[in-house]
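For reference, the chains in residue letters:
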Amino acid sequence: MPGKLYAASGSIRLFWMSEDDRNDYERLLLETPEARPGYKLEKLTDLYWDTVLHGGDFNFMIYDDSLGYCGNVSLQHSENDFPEIGIELFKECRNKGIAPEAISLMVAEEQKYRKKVAYLVRIAVNNEHCRHVFEKMGAVLVGFDSRDKEQIDALEQRLNEEKLKKNKDAINYLQRSIDYYTEKSKSICEYKLYASSICD
């Protein structure tokens, strides 16, 4: 049985994730590897599951009256100016309008307690379907993965320091690292989904 009801609208209901949802959630993760580019998941470990339940993010199970359990929608870093939205759906539940309904429902409910101007969404560049869903909802592309940009900025600062020392080995290593993170960042798009495009 799912956990406590969080919000409902039409045929969609969102439930807080509970201990009883582990098997369903593991099945979802294993069937949606495209949601985690560069990370291979073979099973849901105890540590991973404990982080999902108690790590501070808001994780909700999505249920549809006709389809049953459809996937998961989450709100991460809710204390930030731009909390991050995540969603994973089983393939058979896609293209049915469930993703925008679940996201809109979660955001509308959250706006009652924590008013936010916009939400951050990170999507793999090659996940065209997911990008299309969010763009149709009004999400605006703002660039590539900013998490890698922070790493690149730090490496470039160290590179400049090593150039002054003329340390060739360090310079070569740091330049290769910068090149790696620059390419890696281009695999993830960052969007902002403005609350005004969802909530009246």
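The structure displayed is predicted, hence computed values, not measured ones.

### Remarks on the overall build of the protein chain
Helix and strand counts for the protein chain come out as six helices and eight strands. Helices (α) and strands (β) of the protein chain occur, in sequence order from the N terminus, as β-β-α-α-β-β-β-α-β-α-β-α-α-β. Along the first, second and third principal axes, the C-alpha set of the protein chain runs to 65 × 40 × 30 Å. Counting only residues that meet the buried cut, the protein chain has 44% of its 200 residues in that class. The long-range share in the protein chain, meaning contacts at least 24 apart out of those at least 6 apart in sequence, stands at 64%.

### Some thoughts on the nonpolar core
Inside soluble globular proteins, nonpolar side chains tend to come together where they are buried. Within the largest apolar cluster, 47 residues are counted, with the highest numbers of intra-cluster contacts made by Leu14, Tyr25, Ile62, Ile85, Ile103, Phe134 and Leu193. At seven residues, helix H3 (residues 98-111) tops the list of elements feeding residues into this core.

### Regarding the pairing of strand E4 (residues 68-76)
With seven of nine residues buried, E4 is to be regarded as a mostly interior element. Note: strand E3 (residues 58-64) against E4, seven bridges, orientation antiparallel. Paired with Asp64 across the bridge in E4 is Gly68. In this antiparallel pair of consecutive strands, E3 and E4, the connection spans three residues. Pairing of E4 with strand E5 (residues 84-89), which is carried by six bridges, proceeds in the antiparallel orientation. Looking at the pairing, Val73 lines up with Ile87 of E5.

### Points about the pattern of salt bridges
Throughout the structure, instances matching the rule amount to eight salt bridges. Between Glu84 and Arg122 there is a salt bridge whose closest N-O contact spans 2.6 Å. With Glu84 in strand E5 and Arg122 in strand E6 (residues 118-124), this residue pair connects regions lying 38 residues apart in the sequence. For Glu109, the salt bridge is made with Lys112, and the minimal N-O distance between the two is 3.0 Å. Taking relative accessible area as the criterion, Lys112 reaches 61% and is therefore assigned exposed. Put simply, Glu84, Arg122 and Glu190 are held in one network by salt bridges that share partners.

### Notes on the confidence of the model for the protein chain
In the predicted model, the protein chain carries a mean pLDDT of 85, and 92% of its residues have values of at least 70. By mean pLDDT, the top-scoring element of the protein chain is strand E2 (residues 12-16) (95), and the lowest-scoring one is helix H6 (residues 168-185) (80).

About the thresholds
- Residues numbered from 1 in each chain as written.
- Predicted model: local features only at pLDDT ≥ 70, side-chain atom pairs only at ≥ 80, totals over all residues.
- Heavy atoms only, no water.
- Helix = DSSP H or I, 4+ residues; strand = E, 2+ residues; numbered from the N terminus.
- Buried < 20%, exposed > 50% of the residue type's maximum accessible area, 1.4 Å probe, protein only.
- Contact = heavy atoms within 4.5 Å.
- Core = buried A, V, L, I, M, F, W, Y, C linked by side-chain atoms within 4.5 Å.
- Pairing = 2+ DSSP bridges.
- Salt bridge = Lys/Arg side-chain N within 4 Å of Asp/Glu carboxyl O.
- pLDDT = per-residue confidence, 0-100.

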